[in-house]
Amino acid sequence: MGKVEWDIVVPIKLPISLKNVEPGKLHPSLLRKIPQGGQLHYLAADAWNAMVDAAKADGIELKPTSAGDTYRSYDSQKAGFLSRYQLEPIANQSTKTFEGKTWYLKKGMAMMATPGKSNHNLGIAVDIHSAGENKRLKWLIANVRKFGWSWEVVPSEPWHIRYTEGDQIPQAVKDWLVLNPKPASMFGTPAEQKAAAEAKAAAENVSADANQSKEDPSSLPVISNPNKGKVVKKLQSLLTQKGFPAGADGDFGPKTEAMVKKFQKSKSLPETGEVDKATWAALLS
Ligand SMILES: [Zn+2]
């Protein structure tokens, strides 16, 4: 099979918390629910959630093909395997060895790893819904590495990606965590939770400092999409501090406008997307 554009197959660095665990039998404290259904190892969950949000900002929806295509327990992997493979030989069908026996892939079924052998059993693999769809695949090709993911089998399994970066959290995921710190009740290593809490406190300090100078909203110009420059940077910084991540590129485009509208909605202001005096006042309060 020749190289394809998305032949991005990176070896997995296993998180320390996954060394010496039995695949498919992870302790619940290692797993985190993801919003679209299903569970992942907590490091993979952060990387997944960060990537889903980035895709959403670009108008691409990422979700698993089903909740069962995230973490799979040993028993669910075994049930899936037994539904697709049989002991009675079938000519020219691919085979797998499981429990010392040769199993034959049933006709028309997609291959499946033997129980305990899949990265789904470690909570670091996701099968993406409609991954081969042109726009979605293009986005994935351009972005998966940033968030620590890569494919395992190309090109026959465009949907199956794995989190490869172990405990070395990619920068894009760290950036996302600063804006989305884990509540203390969520799972994660103590060091991660501490770092997230500190980052949140630092963001709140910046906000408190900004408040102390009590800027007069009427001294700021009314701005809207399109616009560029220092005032836009200030707007983006205030939006981000208020929990509406708007970047920091100083470019008032559709993304910043969308965040302005969300912010306005949260303050029961008219959702115009235009930063008028009332919006500035709410941002500075
Ligand atoms: Zn898969």
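A brief look at the structure comes next. Keep in mind that what you see is a predicted model, and the values were worked out from it rather than measured.

Each helix and strand counted, the chain has eight helices and 10 strands in total. Burial analysis of the chain (285 residues in total) assigns 40% to the buried set. For the chain, the share of sequence-separated contacts (at least 6 apart) that also reach a separation of at least 24 residues comes to 57%. Counting every atom, the chain has about 15,000 Å² of accessible surface; 55% of that belongs to carbon and sulfur.

Moving on to the coordination of the zinc ion. Those donors, His 120 (NE2), Asp 127 (OD), Asp 127 (OD) and His 160 (ND1), are the protein atoms that reach the zinc ion, and they lie 2.0 to 2.8 Å from it. Coordination at the zinc ion comes from four donor atoms whose angles at the metal span 51 to 153 degrees, giving a geometry best classed as irregular.

Glycine aside, residues mostly have negative phi angles, and peptide bonds mostly take the trans form. A cis geometry characterises the amide bond from Val 154 onward to Pro 155, with omega recorded as -5 degrees. Positionally, Pro 155 belongs in the loop between strand S7 (149–151) and strand S8 (160–163). Put simply, Asn 225 and Pro 226 share a cis peptide bond, and its omega is 0 degrees. Take Pro 226: it is sitting in the loop between helix H5 (190–212) and strand S9 (227–228). The backbone phi angle of Asn 92 is positive, close to 65 degrees, even though this residue is not glycine. Relative to the helices and strands, Asn 92 resides in the loop between strand S3 (85–86) and strand S4 (95–98).

This paragraph deals with the environment of Lys 101. In this structure, Lys 101 sits in strand S5 (residues 101–105). In this structure the C-alpha to C-alpha distance between Lys 101 and Leu 87, which are 14 residues apart in sequence, comes to 7.7 Å. Not counting residues within four places of it along the chain, the set of residues in contact with Lys 101 comprises Leu 87 and Lys 96.

Attention now goes to the nonpolar core. Counting 42 residues, the largest nonpolar core has Trp 48, Met 51, Leu 62, Trp 149 and Trp 151 as the members making the most contacts within it. Listed by contribution, the elements that provide at least two residues to this core are helix H1 (42–57), helix H3 (134–143), S7, S8 and helix H4 (171–179). In terms of residue count, H1 provides more of this core than any other element does, 10 residues in total. Residues in contact with Trp 149, not counting those within four places in the same chain, are Leu 40, Ala 44, Ala 47, Trp 48, Met 51, Ile 124, Val 126, Val 144, Ile 161, Arg 162 and Tyr 163. Core analysis: the second largest hydrophobic core is formed by 17 residues, Leu 220, Ala 246, Phe 263 and Leu 283 among them.

Before going further, it helps to spend a moment on the packing of helix H6 (residues 230–241) against helix H7 (residues 254–266). Two elements in contact, H6 and H7, have axes separated by 11 Å at closest approach and are oriented at 50 degrees. Put simply, H6 runs oblique to H7. Pair H6 / H7 crosses with left-handed handedness. Listed contacts from H7 to Leu 235, Gln 236 and Leu 239 of H6 are Thr 256, Met 259, Val 260 and Phe 263.

Under the defined criterion, the tally for this structure stands at 12 salt bridges. The partner of Lys 25 in a salt bridge is Glu 22, and the shortest N-O contact between them spans 3.5 Å. Using a relative accessible area of 48% as the deciding quantity, one classes Lys 25 as partly exposed. As a salt-bridge pair, Glu 133 and Arg 136 come within 3.4 Å of each other at their nearest N and O atoms. Overlapping salt bridges bring together Lys 13, Arg 145 and Glu 165 as one network.

Reading the values: rules and limits
- Residues numbered from 1 in each chain as written.
- Predicted model: local features only at pLDDT ≥ 70, side-chain atom pairs only at ≥ 80, totals over all residues.
- Heavy atoms only, no water.
- Helix = DSSP H or I, 4+ residues; strand = E, 2+ residues; numbered from the N terminus.
- Buried < 20%, exposed > 50% of the residue type's maximum accessible area, 1.4 Å probe, protein only.
- Contact = heavy atoms within 4.5 Å.
- Areas by Shrake-Rupley, 256 points an atom, 1.4 Å probe, with all protein chains shown as cover.
- Donors = N, O, S within 2.8 Å, 3.2 Å for Na, K, Ca; no water.
- Tetrahedral: all angles 85-135°; square planar, octahedral: opposite > 155°, others 65-115°.
- Core = buried A, V, L, I, M, F, W, Y, C linked by side-chain atoms within 4.5 Å.
- Axes fitted to C-alpha atoms, helices over the stretch in contact; angles between N-to-C directions.
- Parallel < 35°, antiparallel > 145°, perpendicular 65-115°, else oblique.
- Left-handed = near helix turned anticlockwise from the far one by under 90°.
- Salt bridge = Lys/Arg side-chain N within 4 Å of Asp/Glu carboxyl O.

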